[in-house]
Amino acid sequence: MASLISQDIWKTWETHGHTEFVKLLAGWIGSNCSSLPSIDSKELSRAIYEFFWQAIRGGIKKDLVLSAIGDILVLHGDLASVTLDVLNVIDHETLVNDNNDERQRLCSMLKELENWLSDALIKERLEIDTLQDCSLLKTKKIFYTRFIKVKTKLFYKQQKFNLLREESEGYAKLITELNQEIDDSITPLYILQVIQSLIGCFNLDPNRVLDVIMESFECRPQLHSRLFVPLIRSYMSDSLTLCEVLGFKFTSYDPSSTPRSLFVITALLLQHGVIRLDDIYRWLTPKDSEIEESAAKELADAKEYSRRMNIISVPKEDEKIEELVEERAPYNQKFGLCEALLSVGAWEQASTLLKRHPEFFVTSYRPISSSICKLVDYVIEPVYRKRCCISPKLPGKPVLAVGAWNFPKAAKEMRELRDAAFPMLLSLGPHLYNDPVLLHKLIRLCNTALDDCGLNSSKKVQHDMDSLYFDVLTLFDVVILPSLALMESNCCVAEEIWNVLKKLPYEHRYRLYGLWKNDTFQSHALLIRRKVDCVKRIKYIMKRVSKDNVKPTGRVLGKLSHSCPGFLFDYILSQIQIYDNLIGPVVDSLKYLTNLSYDVLGYCVLEALSNPDKERTNHDGTTISMWLTALSAFCGAIYKKYNMDLTGLLQYVANQLKAQKSLDLLILQEMVHKMGGIEASEEMTKEHMEAMQGGELLRAEAAHFGQVRVTKKAAQRLKETLLEHNLAIPLCLLIAQQRNCVVYRETQNNHLKLVGKLYDQCQDTLVQLGTFLALNMSVDDYVRRLPQLGSLLSDYHIHADVAFFLARPMFAHSINSKYDELRRAEKNSKNLLPAQKTQKYLEAVRLVMTPICESVRPLCAPRVWEDLSPQFFATFWSLTVYDLSVPSTAYEREVQRLKLAIQQTNENRDLPASKRKKELDRCTALMDKLLEEEKKQKDHNERIMARLTQEKDGWFLCRAAKLAKTETITQFLQLCLFPRCVFTAIDALFCARFVQLMHNLKTPNFSTLICYDRIFCDITYTVTSCTENEANRYGRFLCAMLETVMHWHSSKKIFDEECANYPGFVTKFRVGNQPSETNDHVDFENYRHVVHKWHHKIAKALVVCLESKDYVQIRNALIVLIRILPFFPVITPLGSVIDRHVESVRNEQKDKRQDLSAMAISYSGQLKNKKASMIPEYDFHLVNRKPVTKTAPQSAHPPAGTTNAVTQPENGVSKHDGVNGVDKTSTNPQDTPSSTQSESQSSTPVTAGINKEMKKELRETNKVKEKEKDRHKDVIEKREETSDRSREKRTKERKEDREDRPHSGKVDREDEWTERDRESYNGSNVEATDPDRVDTKRRKTDANLTTKSRPSSPERERRLEKAERKERRNVQETEEERRERKGERKRDRLLEDALMDVKRRKEDEREKVRSPRHGNGSPSDGNGDRRGHNRESPLSREASDRSFERADRPERARRSTDSKRR
């Protein structure tokens, strides 16, 4: 062993080592210690041991040793004993070593120590032989003899005791006296005198007499206050002696078998103050440390049990963990005393004892918890009878306490419970579950306490010191809810608890649920095991949930949710976040829950949504996480189906918006969709859009295209929650403000796709919520809650589109109210003429809208209102599509549906008569309401038209003629049209309708042509800046605008009726009020040129977007293309260009962006279906062509520029017949663009500018045609193949028809020609202006019909069969074969074109020879040129080409077959 003292001390002992050694010992001992410290005793003995060995071995001189011993012994009184113990050890070591020198030095030293140590102490500690060697004993033999005698006397000699001195008769009399019948004459003083007489008479031992008194007390504890306690206090005043007697009795019993009577008398003595708890507590077993170890071990075992539950594979040796529930610490004496104290009502002493042990560990033993329950029941009984009795006729069973002396005072008022009962309940904790009756009483008392708190309708707490509000919250947190968790599926208790909790605000309820679920189950071993068992059961059930076993699964889930709803819903929600297909079965299976469970479910949903550890976007940062989407869908479904509190979830969404986080708007969107039936979808069909233009009833019946069934109860609950907690309008305003935060603050570092999605989510949710509030709130309530328009714009900084969207219902209500007021103010109000009613309505509009017009002035600079009047701005934003038109088709369709339903109901004989009558009444009433609503909307529409007609003259305040083209249209587009057309799909339709309406109203200073030109000319930036949903709406807007444009383009008659002589088509804007002339308007042919330019501009802009490689531009371009597909493209070259670029996008994005590739595939398929209806460019408008020479090259491949060229008239314009809805018209010199050059200098030559642009566009078109000639030919060939197959099919059908019905000559052919003419030219009769063309086409048609009317020959049959086989073969051929056949067909086509060109020139020469005007040698005038041109128009050549192709088709088929074989 290493030396404790440094060698330097021994070496320098004479100088300073002695002093250092003494200081070292003094430091170990300590100056203030009365006894040697136990920590340093070993070091102290070791130091003294080394010191003496140094002295024995000569390291220190003898005289120095003795002086040092003197210094050491004075340090502490116990050092003498320690020193002798050390010398005794050294004595034995020297005897063993057989070293005489060391032995002699030790003996010499011991002899000198006699002066420092007492003789008795030396003789007590040292051996007799050592004392003899040191000469400390005179005679060894005499000393040894005395030692033997003393030892024998102490340990072996028995003391003499006279047992017969105490007579048993005395104890018999004592027992008799103590156990006699006690009456009023027997008092404790009398018994004490008897006991004293017996002790004196029979010489009894007083301690044994006390023990006999205790035994008698145990037999009759009920006499404690009357007899035994005063007797014991008088007999033995020393409490320590009493505790020693009781302690001897406790120690004589086994801790687990101590009689209860002993605990009772001890408790009674403690209760009466005869003894003190600290005096008796030290006699009880086990020690407190052992109890704490047992509690810690029980908690550790429970946590281990919980940990191993999550292990997938559990070893066999771990199966014994299941048995740990029974391995608890035995019931000991301390717990028995606590139970006895509680049973006698000694709560103060019992609470002191409970505080000495771990929390709720003592009360986990059922006898103790039952005793506390009885005590609490006794305390609360009076106030419960007084305040919570169900009925005076049902008094109930009274609660009586055994030995009520010194019991806690029973509470008679509610405020007394705070001191009397609540401390007992808090010490009881979750173990109140042992007494369900007491738990019911406590819950009802809490309910009464909350009623006394005076909670108002908003559930705000009144601050009152006497209020028990927070005491009730503490009881629910510590006692009631944990006790519910330990009960087995008691739904009655759960409902009682909910009757109390529903009065609390949701913040306090959710706080209680959070503590219950997250904290309570972590601190108690019993609750931890309960949690583990519940989770096991939940996992077992969730593995078997499906739509086929909803009922049995729901019942089991309901039972589990009664006690432990938190863990159940946590696990269910975790599964839903992973597997969203569980939402339906889980929602259906939760119908057996209690109201408390539904409320806890709402908290668990909110907790899952606010989990900060989960990412709300996917790893790519472009989409919202699946777990958030699934939870949002679950919220919408669960809150719709069950009556759950919505306040917490809605407030959470509002708080997230305040924090500028809009991802959680998905929750609100789903809830409004599911509960309110307001859908936010862009995929609306034409029928749905029509229905959305009608009244509320039509929209409710026909405009909802989803599968969501609207329930009035769910919508009512959502509305009431929003209004009750004042969340309706604040949510709308927060969402409106968040739209800008999404772009500029919230998503600065996010992907642009996510930014657009969040913006669309804000917009859609705003529209949903605003529509829901407008439909479900009363108009008066809506007007009262919504701020004024000026306040929305200035105070809340809401944009005009949102402000007017929210305020529109308020405008309509105000106008109608004012109209009714003005109408009733008239004396003869019932007999007013329609004109008078209209005048009253216009007056109401003026009164209501004038303040609105003034409130919008601060929105823009004063210069803006010089061009655009505030009245027009307010009118545009305040109207809806409902005001502009009546969807008669939609009303008629819905009425027909109801008539069909009535007919089917009448024919259904299986339906009971009562149900049939009910259904018929419903359909009839609904049909009548629809008709009435249609009539009402028509009347409203007439009033709106009168209003607009009156206002239109003041809409555009033109300052100069040129401004009509510049500032006015720009302001209109910027402030009105563009913001609203992307707001909603209905607003997009409204914008298109409103522009058309302004045109139809002949609005002064408004140019329809320039407005359309500004909209169509460059849409690149507009498409690029749109989000996905905005692109859908913008596409709808463009589609509606194109529909109007193409409607005017379809026929000159329509154009003349709807556009000619309209101010919107004026090409020269004159100063002042000068009337416009006839040639100031755009004619039909120039309009067709402009429409062609617009189509070209749209195609060019969309191609730029498709080629940009940017995700947003490509996506938006595809969306717009899909939306405008009915009216664009209609020109074959533009369709080919767009098809090629879409195909390029499809191939490029196939492996990069699957969504773009899928969108491109979808559009490409739709475009291919539309190609058959596309028309060439020369059929769309008049095309300028270059003249060609009469000589043509004779080679097989002529130059490309001469393939389709013909001799042009002098004016350089080629006129074409219209197809695909485009009319055939003739062109005169006044209709050409050059006719606008001779206008006065005071007008603006807009037409000249348009012609200039048209020439530029024509040059660009020619370049495109040259570059894409081959691709254009391919498209033509495909179209020709399609037309060939269709023609063959029609030929076959006509042949079959001829076999059934014979044809008769010229009349039938004339009828057939008329039918074909109607189909081809859409009912146009402009052909009458050109008789040469009519005769030519009729001759060709008659020839064709005559040929087709002939009987079929075998050769024609074989040709038809061959064509059918070819068609089937084309379907089955591979891509490579198709390309080869395509190239072969292209070469054949070139050869055929050359031959056709030669043939046409020969026919031209023959026609000139046959012409009488040329035969006379007179020169050809202009009319002749035009007549020749008409005969050789492209349509005529196309007819000739088709006849040539029919004649040459067998030869071409043969060549194609040979090519394939090669």
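Along each chain, residues carry numbers from 1 onward, in the same order as the chain's sequence is written. Whole-chain, interface and lining totals are the exception, using all residues; otherwise, since this is a predicted model, local features are given only for residues with pLDDT of at least 70 and side-chain atom pairs are given and counted only at 80 or more. To obtain the side-chain values, all non-hydrogen atoms of the structure were included, while hydrogens and water were left out.

## Details of the overall build of the chain
In this description a helix means any DSSP run of H or I spanning at least four residues, a strand means any run of E spanning at least two, and both kinds are numbered starting from the N terminus. Helices and strands together make up the secondary structure of the chain, namely 67 helices and two strands. When burial is assessed residue by residue, the chain has 48% of its 1462 residues classed as buried. Note on definitions: a residue-residue contact is assigned when non-hydrogen atoms from the two residues lie within 4.5 Å. When contacts within the chain are restricted to residue pairs at least 6 apart in sequence, those whose partners lie at least 24 apart make up 77%. Total accessible area on the chain is roughly 74,100 Å²; 51% of this is exposed by carbon and sulfur atoms. Under the scheme applied here, a residue whose accessible area is under 20% of the maximum for its type counts as buried, over 50% as exposed, and between as partly exposed, the area being computed with a 1.4 Å probe on protein chains only. Using a 1.4 Å probe, accessible areas were evaluated by the Shrake-Rupley method; residue-level cover was limited to the displayed protein chains.

## Here's the deal with unusual backbone geometry
Each neighbour pair has its own omega, and for Thr 285 with Pro 286 the value is 0°, a cis peptide bond. Along the chain, the position of Pro 286 falls in the loop between helix 16 (277-281) and helix 17 (288-309). In this structure, the amide linkage connecting Phe 1128 to the following residue, Pro 1129, adopts the cis form with an omega of -5°. Looking at the secondary structure, you find Pro 1129 in the loop between helix 55 (1111-1123) and helix 56 (1132-1148).

## Some thoughts on the pattern of salt bridges
One speaks of a salt bridge when a side-chain nitrogen belonging to Lys or Arg is within 4 Å of a carboxyl oxygen belonging to Asp or Glu. Taken as a whole and judged by the stated rule, the model has 53 salt bridges. Its salt-bridge partner being Lys 674, residue Glu 670 comes within 3.5 Å of it at the nearest N-O pair. Separated by four residues within a single helix, Glu 670 and Lys 674 lie in helix 34 (residues 665-676), roughly one turn from each other. A salt bridge links Glu 1085 to Arg 1088; the shortest N-O distance between them is 3.5 Å. Of this pair, Glu 1085 and Arg 1088 both sit in helix 54 (residues 1084-1106), three residues apart, which is roughly one turn of the helix. Taking the relative accessible area as the measure of exposure, Glu 1085 reaches 5% and is therefore buried.

## Details of the packing of helix 52 (residues 1028-1049) against helix 54
Between N-to-C directions, angles cover 0 to 180 degrees, with each direction set by a line fitted to C-alpha atoms, over the stretch in contact for helices. Remark: helix 52 packs on helix 54, axes separated minimally by 10 Å, with the N-to-C direction vectors making an angle of 145°. Regarding helix 52 and helix 54, the two cross each other, and that crossing is left-handed. Facing helix 52, whose interface residues are Leu 1042, Val 1045, Met 1046, Trp 1048 and His 1049, helix 54 presents Phe 1084, Tyr 1087, Arg 1088, Val 1091, Trp 1094, His 1095 and Ile 1098. When its residues are assigned to classes, the contact of helix 52 with helix 54 shows nine nonpolar, two polar and one charged. Handedness of each helix crossing follows the sense of rotation of the near helix against the far helix: counterclockwise by less than a right angle gives left-handed, clockwise gives right-handed. Side-chain classes are defined by residue name, with Ala, Val, Leu, Ile, Met, Phe, Trp, Tyr, Cys and Pro counting as nonpolar, Asp, Glu, Lys and Arg as charged, and the others, Gly among them, as polar.

## Examining the environment of Ile 902
Mapped onto the elements, Ile 902 comes out in helix 46 (residues 888-907). Sequence separation between Ile 902 and Thr 924 is 22 residues, and the spatial gap between their C-alpha atoms is 7.9 Å. In this structure, Ile 902 is in contact with Leu 920, Cys 923, Thr 924 and Met 927, ignoring residues within four places of it in sequence.

## Some remarks on the environment of Leu 268
Position of Leu 268 relative to the elements: it lies in helix 15 (residues 260-271). Residue classification places Leu 268 among the buried residues on the basis of a relative accessible area of 3%. Expressed as a C-alpha distance, the spacing of Leu 268 and Ala 340, which sit 72 residues apart in the sequence, is 8.4 Å. Not counting the four nearest positions on each side in its chain, Leu 268 is found in contact with Phe 217, Pro 221, His 224 and Val 344.

## Some points on the nonpolar core
Counting 335 residues, the largest nonpolar core has Leu 590, Phe 634, Phe 972 and Phe 1037 as the members making the most contacts within it. When residues no more than four places from it in sequence are discounted, the contact partners of Phe 634 are Leu 573, Ile 576, Ile 583, Val 586, Val 587, Leu 590, Leu 601 and Val 605. What we call a nonpolar core is a set of buried Ala, Val, Leu, Ile, Met, Phe, Trp, Tyr and Cys residues that are connected through their side-chain atoms within 4.5 Å.

## Some words on the state of the cysteines
To count as a disulfide, a pair of cysteine sulfur atoms needs to be within 2.5 Å. Evaluation of the coordinates by the stated rule reveals zero disulfides. As a non-bridged cysteine, Cys 976 has Cys 860 as the owner of its nearest cysteine sulfur, 8.6 Å distant. The exposure class of Cys 976 is buried, given its relative accessible area of 0%.

## Focus on the confidence of the model for the chain
By definition, pLDDT measures how confident the predictor is in each residue, and it falls between 0 and 100. When the pLDDT values of the chain are averaged, the result is 78; 74% of them are 70 or greater. Per-residue pLDDT stays below 50 along residues 314-326; that stretch engages in 11 contacts with residues further than four places along the chain or on separate chains. Counted against residues more than four places away or in other chains, residues 1298-1352, with its pLDDT under 50, gives 49 contacts.

## A short note on a nonpolar patch on the surface
To count toward a patch, a residue needs a relative accessible area above 30% and no salt bridge. Like charges then connect within 9 Å, nonpolar side chains (Val, Leu, Ile, Met, Phe, Trp, Tyr) within 5 Å. There is a patch of nonpolar side chains on the surface, built from Val 150, Leu 154, Phe 155 and Tyr 156 and spanning about 520 Å² of accessible area. With respect to the helices and strands, Phe 155 occurs in helix 9 (residues 140-155).

## Some remarks on helix 28 (residues 550-563)
An ideal rise of 1.5 Å per residue puts 20 Å on 14 residues; helix 28 measures up with 21 Å between its terminal C-alpha atoms. Buried within helix 28 we find Val 550, Thr 553, Gly 554, Leu 557, Gly 558, Leu 560, Ser 561, His 562 and Ser 563. Each helix should span, by expectation, one fewer than its residue count multiplied by 1.5 Å.

## Quick look at the environment of Gln 522
Here Gln 522 is to be found in helix 26 (residues 506-523). Gln 522 sits in the partly exposed class, given a relative accessible area of 40%. Through-space distance from the C-alpha of Gln 522 to that of Ala 302 is 9.8 Å; in sequence the pair is 220 residues apart. Excluding residues that lie within four positions of it along the chain, Gln 522 makes contacts with Lys 303, Ile 528 and Lys 531.

## Structural notes on the packing of aromatic side chains
Within 6.5 Å between ring centres, the rings of Phe, Tyr and Trp (the latter by its six-membered ring) count as paired, and their orientation is classed by plane angle as stacked under 30 degrees, edge-to-face over 60, tilted in between. If you walk through the whole model with that rule in mind, you get 53 aromatic pairs. Ring geometry for Tyr 510 and Tyr 603: centres 5.6 Å apart, planes at 55°, overall tilted. Taken together, the residues Tyr 510 in helix 26 and Tyr 603 in helix 31 (residues 595-609) connect sequence positions 93 residues apart. Each member of the pair Tyr 510 and Tyr 603 is classed as buried. Arg 356 extends its terminal NZ or CZ atom over the ring of Tyr 281, reaching a point 4.6 Å from the ring centre. Throughout this description, the term charge over a ring refers to an Arg CZ or Lys NZ atom that lies within 6 Å of the ring centre and within 35 degrees of the ring normal. We note Arg 943 situated over the ring of Tyr 841; from NZ or CZ to the ring centre the distance is 5.3 Å.

## Observations regarding the packing of helix 42 (residues 800-825) against helix 43 (residues 834-855)
Axis separation between helix 42 and helix 43 bottoms out at 8 Å; the angle between their running directions is 135°. One element, helix 42, and the other, helix 43, form an angle in the oblique class. Here helix 42 runs over helix 43; the crossing is right-handed. Contacts between helix 42 and helix 43 involve Phe 804, Phe 811, Ser 814, Ile 815, Asn 816, Lys 818, Tyr 819 and Leu 822 on the former and, on the latter, Lys 837, Lys 840, Tyr 841, Glu 843, Ala 844, Val 845, Leu 847, Val 848, Met 849 and Ile 852. Each angle receives one of four descriptions, namely roughly parallel if under 35 degrees, roughly antiparallel if over 145, roughly perpendicular if within 65 to 115, and oblique otherwise.

## Describing the side chain of Asp 801
Note that Asp 801 resides in helix 42. Leave out the neighbours within four places in its chain, and Asp 801 touches Arg 739, Trp 877, Pro 979 and Phe 983.

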